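Here's the letter readout for the chains.
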Amino acid sequence: MPPKIRIIVSGLIVTVIAIIIYIIFRINIIEKDFIKVLNNRTAHINRIYRNFNEKYTDIKANKNKLKELFQLINKKYPEIALIAAADMDYTVELISKNNRILKSEKMYKTIVDDFLNRKLSVPSSKEYITRYYNLNGKNNDSQKFYIINKIINNNRLFYLFPYKPRKQILIKVTLEVSMIIIAIIIITTVIFIKSSQNSMPTEMQKNKLKGSHNLAENIGRDSYNIDLKGRSIQSSEKKLFPNEIRSASDSLNKQVYRLFSDLNSKYFPESISLYLKVTDNLLSKSFEYKGKSFIKIDSSSFDTIDIDNDAGKELLKSTVMILERGSKFIFPIIHENSLLGVISIIRDTGFNGKEIQDIKNDLIGILKQLSEYIVISRVMIDADTGLYSKAYFDLKYNEEIDSAVKNSEDLSIILLKPFKNNSTINMDQYSSIAKLVSSTLSNIIKNDHFVSMYEDFLAIIIPGLKSNYCLELAEKIFNTLCKIKIKIDNDNYTLLDPYIGISSTDSIIAGEDLFKAAKNNLGNSLKSDTGNIFS
């Protein structure tokens, strides 16, 4: 069997084995997630019913009130199939049935009879039991139900949920399987490419090119027209540009989303918002988790909080503000005696004393994480472009240099300036172009890499890349960027005119600084009349 075919077959076998192992060890993740959500739901319902029972001790005399309570519970949790209240002798006071789920009257009567005959009692050692009920009298049409039977103040609260996994967990499982397949495909592809390179060296591998390189004659006539304001792509080659410009600030979005998701699953608030400081006296809403939606708000004037008052002074003292009769909380985010922002939590029903304390305890760690993350993000992100900053590049560069020296690995740097002279465009336009170029680079460079804004040029670190491959990659970047035609406004267009300086650990003199060499090459490229790439 030829080596390339053997590599492909091996990749397929490994994929099948990996998926089987995943199924063996992770098949119960769906049910575990359902049980976790179920426990959160039932804990909340138990609290609501306990508060009702303490207020209305005589259920028979307050049956209408109990009916209203069940209606509210059904409205908030439409996934409940049935909820019932009974005394300790299983005498039913009220049953609320969800007709959308329990369509069969026969199945409904079977469930009620099982409850009255005490066949659905949950042992004290368990939180729930499961049963299968036939939906339409057909053996292959049965539904699994989770049954809860709680004793609260000498009354029985009985409810059952149909087993229905959340879409989010199904998507998660699908993504994990996809990631396994993609990872194996990537590894197989790398092995395949390495095998091809080892068997048939390219002309670039045979001859290392030095000096300046004029590639203008290699540029095709087709161009990709980009509306700088609207980001519209008017070419069939849309794969060159992702739908959204990715930047370093995305990592903050993910951090906030994860923290807010945890709070939402525990306390079921109406909304959770993060307000960040935009001026000395003003906080602006930057993120909101409401219902099933997580929103990042770019406008600094959409929803603001004035802190140039007594409330602001209290927040600076780390005071937690409890407003609107306990249904709204504002928690300050403090870092080294400076107010960075606040978290606002709102719920339609007031929080009780235990919940208030639990939320405070949960937020102690969250506020610390957020404060540190916001500070780090403001250092690592360039304010104008949203890309990694010069300061963070220096940290990353030193880290990669140490790693390359320690492990005797190759390292390459590409410095790129989109224009030789950008005096005709303003700073906002230049920032947008830099983000566009950064995004395009991510689609061209398939290796692990790091892109940063450094002064007025982009700096790219690529671990494990030799000088011949780095030059080949620089040529590909140049050819791609030269095809981009950018609409500045209604009447003006501009073509990118990229200038590139590159440097690799296997092409510099021992002891020479890699970044300094790349920067000198970028300077040579900008001065040269013979080419746009200098190595």
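Everything that follows concerns the structure shown earlier in this document.
Right, let's get into the pattern of salt bridges. Under the counting rule described, the total for this entry stands at 15 salt bridges. One salt bridge connects E127 with K150, and the closest N-O pair in it is separated by 3.2 Å. A residue pair is termed long-range when its members are at least 10 positions apart, and E127 in the loop between α4 (105–116) and β3 (129–134) and K150 in strand β4 (residues 142–152) qualify at 23 residues. Given the relative accessible area of 46%, E127 is considered partly exposed. For the salt bridge of E314 with K317, the shortest nitrogen-to-oxygen distance reads 3.7 Å. Taking relative accessible area as the criterion, K317 reaches 60% and is therefore assigned exposed.

Here the focus is the packing of helix α2 (residues 29–55) against helix α3 (residues 63–76). For the pair α2 and α3, the least separation of the axes is 11 Å and the interaxial angle reads 165°. Put simply, α2 runs roughly antiparallel to α3. In the packing of α2 onto α3, the handedness of the crossing is right-handed. From α2, H44, I45, I48, Y49 and F52 reach across to α3, where they touch K65, L66, L69, I73 and K76. Looking at the contact of α2 with α3 residue by residue, the class counts come to 7 nonpolar, 1 polar and 2 charged.

Turning our eyes to something else, we now look at the environment of N447. Its location among the elements puts N447 in the loop between α11 (427–444) and β16 (450–454). Of the residues examined, N447 reaches a relative accessible area of 32% and is grouped as partly exposed. Separated by 18 residues in sequence, N447 and L465 have C-alpha atoms that sit 8.3 Å apart. Setting aside its immediate chain neighbours within four residues, N447 contacts I462 and L465.

Calculation notes
Residues numbered from 1 in each chain as written. Predicted model: local features only at pLDDT ≥ 70, side-chain atom pairs only at ≥ 80, totals over all residues. Heavy atoms only, no water. Salt bridge = Lys/Arg side-chain N within 4 Å of Asp/Glu carboxyl O. Helix = DSSP H or I, 4+ residues; strand = E, 2+ residues; numbered from the N terminus. Buried < 20%, exposed > 50% of the residue type's maximum accessible area, 1.4 Å probe, protein only. Axes fitted to C-alpha atoms, helices over the stretch in contact; angles between N-to-C directions. Parallel < 35°, antiparallel > 145°, perpendicular 65-115°, else oblique. Left-handed = near helix turned anticlockwise from the far one by under 90°. Contact = heavy atoms within 4.5 Å. Nonpolar A, V, L, I, M, F, W, Y, C, P; charged D, E, K, R; others polar.

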